[in-house]
Amino acid sequence: LEYAHFRVQRKPDGTPWTLGVGGMGMTYKATDTRLDKDVALKVIHPSRLGDTEVQRLFVREARAAARVGHPNVAAVSFLEDRAGNCFYAMEFVEGSSLHSHLRRHRSLPPARALAFAEQIALGLGAIHAHGLIHRDLKPANVMVTELPPGHPRRAQLAGAGGCALKIIDFGLARTVVETDEYDPDAPLPTVGFRGTAAYASPEQCEELSDLDPRSDLYSLGCILWEMLAGRPPFRGRSQREVINHHVATPPPWVELVHAPLPVLALLRQLLAKRRADRFPDADGTAQAIAKVRQQITDADLARADALVPVLADEMPAPTPPTAATATPGMVPAPTSGGTRLTVELPPRWWVGVLALFLFVAAGAAWLWFGSRRVPPPPVVAAQEPPTVAVLRFTDLAGDAEGAAFARGMSDDLLSALGKVHGLRIVSLSATATPTDPASLGLTRAAFLEGSVRREGSRVRIVTRLSAADGGRQLWGETYEREMVDAWEFQRSVAEAIARALSARLTPAEEQALARRPTKSAEAYDLLVKARALWQSGPRGMAGNEEVIALCQRAVALDPGFALAWAYLARGHNQIYFHAHDRSPARLAQAKAAAETAIRLQPDLAEAHIAFARVQWFENPDPEVLLRGYQLALAIAPGNPELLIALSDIHRQRDHHEEALAASREAVARAPDDASKLAALANVLTEMNRRSEAEEWHRRAAQLSGLPGRALQLELCVAERTGDWERFAARARELALKMPRESRWQEQWRVRDFAGALETLRSLPGNDVASLWQRVPKSLFASALHRAMGDEAAALADGRAALATMQSGPPGPLTVAPGWQMKLAFAHARAGDRAQALAIGEKALQAAPPAQGMIITVQMMEELAELCVEVGEKDRACDLLDALLARPWAGSRLRLRHEPTWDGLRGHPRFERMVAARP
C-alpha cells in the first residue's frame, strides 16, 4: 500500500502494519520515502471514502492536530484531502499506548502515575491554548516511550522512569466555540454521545453542547485513577450504566485506600461532578500535580494503612434501617471550619465482610422494624480539630543570646506542630497564658508554655500543656539534651501533644517530624542567631549582610542544611528588594541559594517563599508570587506570616476580599500579634470599612504600646468622626515619641514644618528611605522650605537633590517606577516643571496594574502630588477621582487638611470632591 510518498510497512507475516482502527479510519505504520523515516499514517476507512461529511471531520482532525506543537502531543506533518484519497501523516511514536502499558503493569506507583499525569496535563495545556478540546482522552490515545540512556530528556523525566508521553488521535477534537457535530453512522450505542464512556466527563455524558477544556481534565482524572487502581473509576454492564455513574455516583474511593492523601485531594478536584469545582485550566492542573509530587513522601507511598478523608458532600444522607444503602469508601472534603472528618479503613478483605454484615443487619432490621416508625440515626457533626496555642518560650539564662535561642526553639516547635494536620496551631507572642482567653477567641484551646535554659553544650527545656478552662494540666515534661540533639525534643513534644489531645499522626507526619534539620549543632546555633536578627525588624544593608554571613557559615559547616540555605536566599532578596544592591550577581546568589534549599528539602515552606521572591524580581507579576506562596501555604497551612504575605499579594492583584480573608485567618492564627492586627485594619481601611478597622487598630495599639500604632488608631477615628483638630493635637504629641525616621513625616502632616526640618536634618547620612529606595534628604528639605515660605532655600535644595539623583544610582533601579517618580519631584523642585511632569507620567506608565496595584496606586497618588506642585490641577483631580473610586488608604478628610494638597485649595473640582461624603 502506498499513499503519495508514504509506503505502509508490513509485518513479518506480510499483512499491513496496523496501529489502530477507529470510527472513521485506520492507522498504519508507514515510511516517509522522501525523508526515510517512520510515520503513523491515518487514512479514511475504505467503506467511508465516499462520505463527504466523514472526510470533512477527518480533515478537521488533521488540521487541529497540526496546530499544536508540544513535546507531549504527536505532531502532524502532512495532509492529503483530495476526494477518494484522504489521509494524513503524523510522527511515529515509538513504544506502546498507555492502555497497553497498564495491561502489562496493572497499576503504577503514585509517584510514577503523577509524573505521567503531569505530562498529559502539559499536553492538554498546549491543545487548549489553540482553542481545542480533545473529547476522547483515554489511555489508548496516549503513547508511552521509554527514552534510551543518554537521551537529553531522560534525566528530566526521571520521575516518570525516563518515559515520555504523547497525546494522539484528535478524531473527536473540536473548537470550544463551535456547535457539536454528530456522525449518525458511527457505531455509538447512545444517540448524541461522543467519546469513550469510561473516561467521559459528566457534561459529555449529559450530551451538553457547551463543552470546555475542563471536560478533558475530568478524563485526565479518570486516567490517573486507572493508573493508581488498575481500572477506571466507573464500570458497568452497559455503556448507559457507566454514563449514569459519571453523572450521579461518587467515585469508589475505597479502591484507593492506600493512596497518599494529597493524591486523593487532587483526584477529588479532577473528578468533581460540577466543572466549576475542577481546576480552571490544564496548566494549573499540571502545577497542582507537580505540587502533589513534591508533597508525597516515601512514607506516604509505603504505608499499608491510611486515613482516608470522608467528603461531606459525598456521604449518603442518614436513612432509617429500612433503607440502609450506605456506600462504602466515600472520601470527603474539608468541613466549613477547615477540618476533616476521617475514618480509618480496614484491610481490603474486611470491606467485603463489612458489606455482607451491613446487608444482613439491614435485612434483619427491616424484618423487625418494618411496621414501625423508626427515627433516623442522629447526625454527628464533624469535630473541630483541637487548638493548641503556643506561647513564646521563656529564657532562663537572662541574656540576649539565650533569648534568641529560646525564640528559635519556639519557632521550630511551631513549625513542627504545624506539620500535624490533626491540630490547629495558634501562635502567641506572650510568654504566659492570658488571664482572659476569651479575648483572643481561645476559650477551648490548650496552651503550651515552656522555658529554656542553655548551659554550655547542654539544654534544659521544661514544657507544660494546660486547658484554657481553669489551667488544668493536660501534660508536662522536662527535657535535657546535648545541643546536637536539642531539636529532637520537637518531635517528642508534637507526639505527646497529639496523644494528649487524641490527634493521630500519619506516617508521613511522623517522618517529617523525625527529620533532623542539620547534623551540626554549631550550624544550628548560627541559624538561630540569623533568624533572631531577621525577626528583629528593619535591618538595612548591614543587618542583611550579617544574616547572610551567619547563614554562609552555617552551610559551610553543613551543606545539607536546607533552612540555612533558605534564609541565605532571603537575606540576598532583602538587599535586592530594598535597592541596596540591584546587581545581577546579587539576584543570582539569591536564586542559587533558594534552588539549593528546595533541592535539599522540597517540603520546606521558607525555601519556596525565597524562590518565589526571586521569580518575582525576574518577572514582577503578582501571580508569580501567588503561586509560590500558595505552595508554601500548602506545606505550612495556617502560618500567620505566610497568610499576611498572601494578603499583600491579593492587594497587589486588586482582590481585596481575598486579602481580607487571608488577613482574618492570620489574626485568628496569631491573635496577639499587633502587626497582624494592624495589617487587617489596613486592608479594611483601603476598603473604606473604617468602623471595623478602628477596632483592630485599637487592639493593635493596646497590644504593642507603640506610638505609631496609636497614631494609626487616631487617624482612623478622625476619618470616622471628621475631627481633624483632635487628631492633629494627638499627632503632635505622639510624633515626639516616634523614631526620627518616621517622625518628620508626621510633623509634616500636622504642619509642624520647622520641627520636621529639624528632625530630617538630624538623621544620619545624606539620604532617607522612601518606599523601595533611598533618596537625598535635600529632596524633602526643599518641600519643607517651600511650605515655610523660603523659596530660595527650596530651590537650592531641589537643585542639590537633582544633581545627586542624576549621578546615580547604578543598575536597573534607575528605571524603576518609584525612583523615576522621585526624580520627577527633583526636577519640579529644581524649577524644571515640564520635564518633571513628563518623567512622572512615564513613571506611572512603567507601573502597569499587572505588576501589582499597590505600586500602581502609589504611583497614582505621587503623580497627583507632583501635578499639584507643577500646577496641573485638573490632572491632579483626575487622579484623585480615580483613587477615591477604588480601594485606597487615603480619604477626603486627609485631602481637606494635609499640606500636600494646599495647591488645590479653592479649585472648584477639588472643593466639590472633598465636600462629598465618603
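A few points on the structure. Worth saying up front: this structure is predicted, and the values here are computed from it rather than measured.

## Concerning the pattern of salt bridges
With the rule as written, the count across this model stands at 48 salt bridges. Here K676 makes a salt bridge to E641, at a shortest N to O gap of 2.7 Å. With K676 in helix 22 (residues 674-686) and E641 in helix 20 (residues 640-652), this pair connects stretches of sequence that are 35 residues apart. Overall, K676 belongs to the buried group, its relative accessible area being 3%. Between D654 and R886 there is a salt bridge, with the nearest N and O atoms lying 2.7 Å from each other. Taken together, the residues D654 in the loop between helix 20 and helix 21 (656-669) and R886 in the loop between helix 33 (873-884) and helix 34 (892-897) connect sequence positions 232 residues apart. For R886, a relative accessible area of 18% corresponds to the buried category. Each of D210, D212, R214 and R275 takes part in salt bridges that share partners, so that together they form one network.

## Brief notes about helix 5 (residues 214-229)
Taking 1.5 Å per residue, 16 residues should reach 22 Å; helix 5 reaches 23 Å between its end C-alpha atoms and fits that length. Burial analysis of helix 5 places 15 of its 16 residues in the buried class, the great majority of the element. Downstream of helix 5 by a residue or two, G230 has a phi angle that is positive, lying close to 90°.

## Digging into the packing of aromatic side chains
Under the definition given, this model contains twelve aromatic pairs. An angle of 45° between the planes, with centres 6.4 Å apart, marks the rings of F577 and W616 as tilted. Linking F577 in helix 16 (residues 562-577) with W616 in helix 18 (residues 605-618), this pair joins segments that are 39 residues apart in sequence. Look at F577 and you get buried, because its relative accessible area is 15%. Owing to a relative accessible area of 9%, W616 belongs among the buried residues under this scheme. Put simply, the rings of Y3, F6, F78 and F87 pair up and form one aromatic cluster. The cationic tip of K29 hangs over the ring face of W17; the distance from NZ or CZ to the ring centre is 4.3 Å. The ring centre of Y567 lies 5.1 Å from the NZ or CZ of R570, which sits over that ring.

## Observations regarding the pairing of strand 15 (residues 387-390)
Burial along strand 15 is two-sided: T387 and A389 and V388 and V390, pointing in opposite directions, are all buried. The sheet contact formed by strand 15 and strand 17 (residues 424-427) spans four bridges and is parallel. Counted as the bridge partner of T387 is R424 from strand 17. Taken together, the three bridges between strand 15 and strand 18 (residues 446-455) define a ladder with parallel strand orientation. Considered in strand 18, the bridge of V388 is made with A446.

Cut-offs used in this document
- Residues numbered from 1 in each chain as written.
- Predicted model: local features only at pLDDT ≥ 70, side-chain atom pairs only at ≥ 80, totals over all residues.
- Heavy atoms only, no water.
- Salt bridge = Lys/Arg side-chain N within 4 Å of Asp/Glu carboxyl O.
- Helix = DSSP H or I, 4+ residues; strand = E, 2+ residues; numbered from the N terminus.
- Buried < 20%, exposed > 50% of the residue type's maximum accessible area, 1.4 Å probe, protein only.
- Expected span 1.5 Å × (residues − 1).
- Phe/Tyr/Trp six-rings, centres within 6.5 Å; stacked < 30°, edge-to-face > 60°.
- Lys NZ or Arg CZ within 6 Å of the ring centre and 35° of its normal.
- Pairing = 2+ DSSP bridges.

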